[in-house]
Amino acid sequence: MNFVEAAAAPLRNTGDIKLHGPEGFEGMRKAGRIAAACLDMLASEVKPGVTTGHLDDLARDFVLDSGAISATVFYRGYKNFLCTSINHVVCHGIPTHDKALKEGDILNIDVTVIVDGWHGDTSRMYVAGEAKRKAQRLMDVTWECLQRGLAVVKPGNTTYDIGKAIQDHAERQRCSVVEAFCGHGLGRLFHDSPNILHFGQKNASVELKPGMFFTIEPMINLGKKDVALLPDGWTAVTRDRSLTAQFEHSIGVTEDGCEIFTLSPAGIHTPHTQSTDAS
């Protein structure tokens, strides 16, 4: 796999890994901040009786009012600003006005915005009301998996190191890592090279270099790792109907570590700060 200067690369996924300079970092900061602020806004709105369609409506207004656009609307026919994945839905759950959240439901909300051509992609876990103990534990484990993946991002390490750090922690906690989906490069493209696996696979490993942009977004199940795709072509669920959780950040590799572009401006991005009275 080759590395290329992003400024000279075609605006498509060629399989090469783009290395970005200061302009790219600044663009990603702006996009990431709006995406994270959108998730902040939704924190006080997630409660029993609320529909995911209502949350999607709020996100639409927030994103457009912020001067951004949605990366997901019209992407491969998708129609919504958010993906809302409840309980056993692993990812890509479609918002709907037909069914309200129930007490104790956990859900991942995923949003991707475009600001001046740059993509901000992030997701967090939320609880409608009070989380059950096993659900809270799963969210805690998943959050820690993300933190351990982020901690090993620095030049000279590899994408394998990220996946191994995540997998080791998840399995020590008797959870499983979804292997059917992965993180991805991004920047001026929504999905670019490289893929970021959340489990250790050495034959897919890529060295980390300054200027790389990508997401880390582990999906962790209480049960087995296997997933199934529903007939809508988007919604992925755990085959054994076990609970699942995910956290996601967009990051850039720096000279000595990484910069997280999607940290919460309000500081409410951890499993214990997503409450219905957050603001």
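Just above, that's the structure.
No experiment lies behind these values; they were computed from the predicted model shown.

**Comments concerning the packing of helix 3 (residues 133–151) against helix 4 (residues 159–172)**
Between helix 3 and helix 4, whose axes approach to 8 Å, the crossing angle comes to 155°. If you check the angle between helix 3 and helix 4, you find them roughly antiparallel. In the packing of helix 3 onto helix 4, the handedness of the crossing is right-handed. Each of V141, E144, C145, R148 and G149 in helix 3 lies in contact with helix 4, whose residues at this interface are I162, A165, I166, H169, A170 and R172. Along the lines of polarity and charge, the residues of the contact of helix 3 with helix 4 split into six nonpolar, two polar and three charged.

**Describing the nonpolar core**
Membership of the largest hydrophobic core comes to 32 residues, with the highest contact counts inside it found for V153, I162, F214, I216 and I220. Secondary-structure elements contributing two or more residues to this core are strand 2 (17–19), strand 7 (118–127), helix 3, helix 4, strand 11 (213–216) and strand 16 (249–253). Per-element tally for this core: the top contributor is helix 3, with eight residues. Not counting the four nearest positions on each side in its chain, I220 is found in contact with L138, V141, T142, C145, I166, A170, C175, S176, V177, L243, T244 and A245. Counting residues in hydrophobic clusters, the runner-up holds 31 residues, among them M28, L101, Y126 and L186.

**Concerning the pattern of salt bridges**
If you walk through the whole model with that rule in mind, you get eleven salt bridges. Of the charged contacts, one joins E259 and R29 as a salt bridge, the two residues approaching to 2.6 Å between their closest N and O atoms. Taken together, the residues E259 in strand 17 (residues 258–260) and R29 in helix 1 (residues 22–43) connect sequence positions 230 residues apart. Among the ionic pairs, E179 bridges to K225, the shortest N-O distance being 3.3 Å. In this pair, E179 is assigned in the loop between strand 8 (176–177) and strand 9 (183–185) and K225 in the loop between strand 12 (219–221) and strand 13 (227–229), connecting sequence segments 46 residues apart. You can call E179 partly exposed: its relative accessible area is 33%. Bridged by salt links that share partners, the residues E26, R29 and E259 form one connected network.

**Re unusual backbone geometry**
With an omega of 5°, the peptide bond running from S193 to P194 counts as cis. Within the secondary structure, P194 sits in strand 10 (residues 192–196). Of note in this structure, N87 is not a glycine but carries a positive phi near 60°. Relative to the assigned elements, N87 resides in the loop between strand 4 (82–86) and strand 5 (89–91). One non-glycine residue, R174, adopts positive backbone phi at about 60°.

**Quick word on the pairing of strand 16**
A large share of strand 16 lies buried, amounting to five of its five residues. In strand 16, alternate side chains face the same way, and those of H249, I251 and V253 on one face and S250 and G252 on the other are all buried. The sheet contact formed by strand 11 and strand 16 spans four bridges and is antiparallel. Each bridged residue has a counterpart across the sheet, and for I216 the counterpart in strand 16 is H249. Relative to strand 17, strand 16 runs antiparallel, the two being bridged by three bridges.

**As for the environment of G32**
Turning to its location among the elements, G32 is positioned in helix 1. Classification of G32 by relative accessible area gives buried; the value is 0%. On a C-alpha basis, the gap between G32 and V113 in space is 8.0 Å, while along the polypeptide they are 81 residues apart. What G32 contacts, discounting residues up to four positions off in sequence, is G120, F261 and T262.

**A few points about the side chain of T215**
In this fold, T215 is placed in strand 11. At 2.6 Å, the side chain of T215 forms a polar contact with the side chain of E217.

**Quick look at the layout of surface pockets**
Computed from the structure, the largest pocket encloses a volume of approximately 560 Å³. Of all elements in the fold, only strand 6 (106–115) and strand 9 reach the threshold of two or more residues within the lining of the largest pocket. No other element matches the three residues that strand 6 contributes to the lining of the largest pocket. Its residues placed into classes, the lining of the largest pocket shows eleven nonpolar, nine polar and five charged.

**Quick notes on the pairing of strand 7**
Burial runs high along strand 7: ten of the ten residues are buried. The alternating pattern of strand 7 places W118, G120, T122, R124 and Y126 and H119, D121, S123, M125 and V127 on opposite faces, both of which are buried. In terms of strand pairing, strand 6 meets strand 7 through ten bridges, oriented antiparallel. Looking at the pairing, T112 lines up with D121 of strand 7. In this structure, the hairpin formed by strand 6 and strand 7 is closed by a connection of two residues, where D116 is found at a positive phi of approximately 55°.

Conventions and cut-offs
- Residues numbered from 1 in each chain as written.
- Predicted model: local features only at pLDDT ≥ 70, side-chain atom pairs only at ≥ 80, totals over all residues.
- Heavy atoms only, no water.
- Axes fitted to C-alpha atoms, helices over the stretch in contact; angles between N-to-C directions.
- Helix = DSSP H or I, 4+ residues; strand = E, 2+ residues; numbered from the N terminus.
- Parallel < 35°, antiparallel > 145°, perpendicular 65-115°, else oblique.
- Left-handed = near helix turned anticlockwise from the far one by under 90°.
- Contact = heavy atoms within 4.5 Å.
- Nonpolar A, V, L, I, M, F, W, Y, C, P; charged D, E, K, R; others polar.
- Core = buried A, V, L, I, M, F, W, Y, C linked by side-chain atoms within 4.5 Å.
- Buried < 20%, exposed > 50% of the residue type's maximum accessible area, 1.4 Å probe, protein only.
- Salt bridge = Lys/Arg side-chain N within 4 Å of Asp/Glu carboxyl O.
- Pairing = 2+ DSSP bridges.
- Polar contact = N/O pair within 3.5 Å; in protein donor to acceptor, adjacent residues only side chain to side chain.
- 1 Å grid on protein atoms, 1.4 Å probe; cavity = no way out; pocket = protein on both sides within 12 Å on 5 of 7 lines; lining within 4 Å.
- Points joined across faces, edges and corners; volume = space filled by probe spheres on them.

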